[in-house]
Amino acid sequence: MLRPGSVTMFDEYVNEVFMPFIYSQLASVSRVDVVWDRYDAASIKFLARTKRGGPICGQVSASAPIPHNWHDFKRSDANKTALFSFLAEKMCMQAADTVQ
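Here goes a summary of the coordinates provided. By convention here, each chain's residues receive numbers from 1 onward along its written sequence. In keeping with the model being predicted, local features are shown solely for residues with a pLDDT of at least 70 and side-chain atom pairs are shown and tallied solely at 80 or more, while totals for entire chains, interfaces and linings include all residues. The side-chain figures draw on all heavy atoms in the structure; neither hydrogens nor water molecules are used.

## Describing the pattern of salt bridges
Threshold: In what follows, salt bridge is the name for a side-chain nitrogen of Lys or Arg lying within 4 Å of a carboxyl oxygen of Asp or Glu. Per the convention used, a helix needs a DSSP run of H or I reaching at least four residues, while a strand needs a run of E reaching at least two, with both numbered from the N terminus. Burial classes: relative accessible area under 20% of the type maximum marks a residue as buried, over 50% as exposed, and values in between as partly exposed (1.4 Å probe, protein chains only).
Enumeration over the complete set of coordinates arrives at two salt bridges. As a salt-bridge pair, K90 and D11 come within 3.7 Å of each other at their nearest N and O atoms. In this pair, K90 is assigned in helix α4 (residues 77-99) and D11 in helix α1 (residues 10-26), connecting sequence segments 79 residues apart. A relative accessible area of 17% means that K90 is categorised as buried. For D11, a relative accessible area of 27% gives the class partly exposed.

Given below as structure tokens:
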């Protein structure tokens, strides 16, 4: 997952980190597949992540601030699901704008 660097809001993350990375990859290929990871609740990985302790919970929206501890934020499956949904929605919106 790309680190947020100096951006402070999720909308900035999309526009200044995530989408520029996707576009840079498209410069040398004709297609980019974005794959989100998740762990099945019955998997060993999921159990190991659960035992590590409670990660911070945050809200993911365009105007929400990015948590200072990005690594801990990503440890929560709920946070990652919300982040991936947000990124996918923004990616589709930008793709639709590009086509029109």
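Okay, back to it.
## Some words on a nonpolar patch on the surface
For clarity, the cut-off: The patch calculation keeps residues exceeding 30% relative accessible area without a salt bridge and links them within 9 Å when they carry like charges or within 5 Å when they are nonpolar (Val, Leu, Ile, Met, Phe, Trp, Tyr). Per-residue and other accessible areas follow the Shrake-Rupley method at a 1.4 Å probe size, with only the shown protein chains counted as cover for residues.
A grouping of Y23, L26 and V29 is seen on the molecular surface, where their side chains present a nonpolar patch of about 250 Å² in accessible area. Structurally, L26 is set in helix α1.

## Describing the nonpolar core
Stated precisely, the cut-off is as follows: In this text, buried Ala, Val, Leu, Ile, Met, Phe, Trp, Tyr and Cys residues form a nonpolar core when linked through side-chain atoms within 4.5 Å. Here, residues are in contact when the closest pair of their heavy atoms is within 4.5 Å.
Counting 18 residues, the largest nonpolar core has F10, Y13, F18, W70, L83 and L87 as the members making the most contacts within it. Counting residues per element, this core draws most heavily on α1, at seven residues. Ignoring sequence-local partners within four residues, the contact set of Y13 consists of M1, L2, R3, P4, V7, F18, I66, W70 and L87.

## What to know about the side chain of S76
Note the following rule: What qualifies as a polar contact is a pair of N or O atoms within 3.5 Å, subject to a donor-acceptor requirement within protein and to the restriction that residues adjacent in sequence count only when both atoms come from side chains.
With respect to the helices and strands, the residue S76 is situated in the loop between α3 (70-74) and α4. Judged by relative accessible area, which is 6%, S76 ranks as buried. At 3.3 Å, the side chain of S76 forms a polar contact with the backbone nitrogen of A78. A distance of 3.1 Å separates the side chain of S76 from the backbone nitrogen of N79, its partner in a polar contact.

## Some thoughts on the packing of aromatic side chains
Under the convention used in this document: A pair of Phe, Tyr and Trp rings is counted when the ring centres sit within 6.5 Å of each other, with Trp represented by its six-membered ring. The angle between the planes then sorts it: under 30 degrees is stacked, over 60 is edge-to-face, the rest tilted.
Using the criterion set out here, one finds six aromatic pairs in the structure. Ring geometry for W36 versus F84: centroids 4.8 Å apart, planes at 20 degrees, classification stacked. In this pair, W36 sits in the loop between α1 and α2 (44-51) while F84 sits in helix α4, placing the two residues 48 residues apart along the sequence. Relative accessible area serves as the criterion here: at 30%, W36 is assigned to the partly exposed category. Residue F84 is classed as buried on the basis of its relative accessible area of 9%. Look at W70 and F73: their rings are 5.8 Å apart centre to centre, the planes differ by 20 degrees, and that puts the pair in the stacked class. Taken together, the residues span about one helical turn, with W70 and F73 both in helix α3 at a distance of three residues. Taken as a pair, W70 and F73 share a single burial class, namely buried. Through successive ring pairs, a cluster of aromatic residues spans F10, Y13, W70, F73 and F86.

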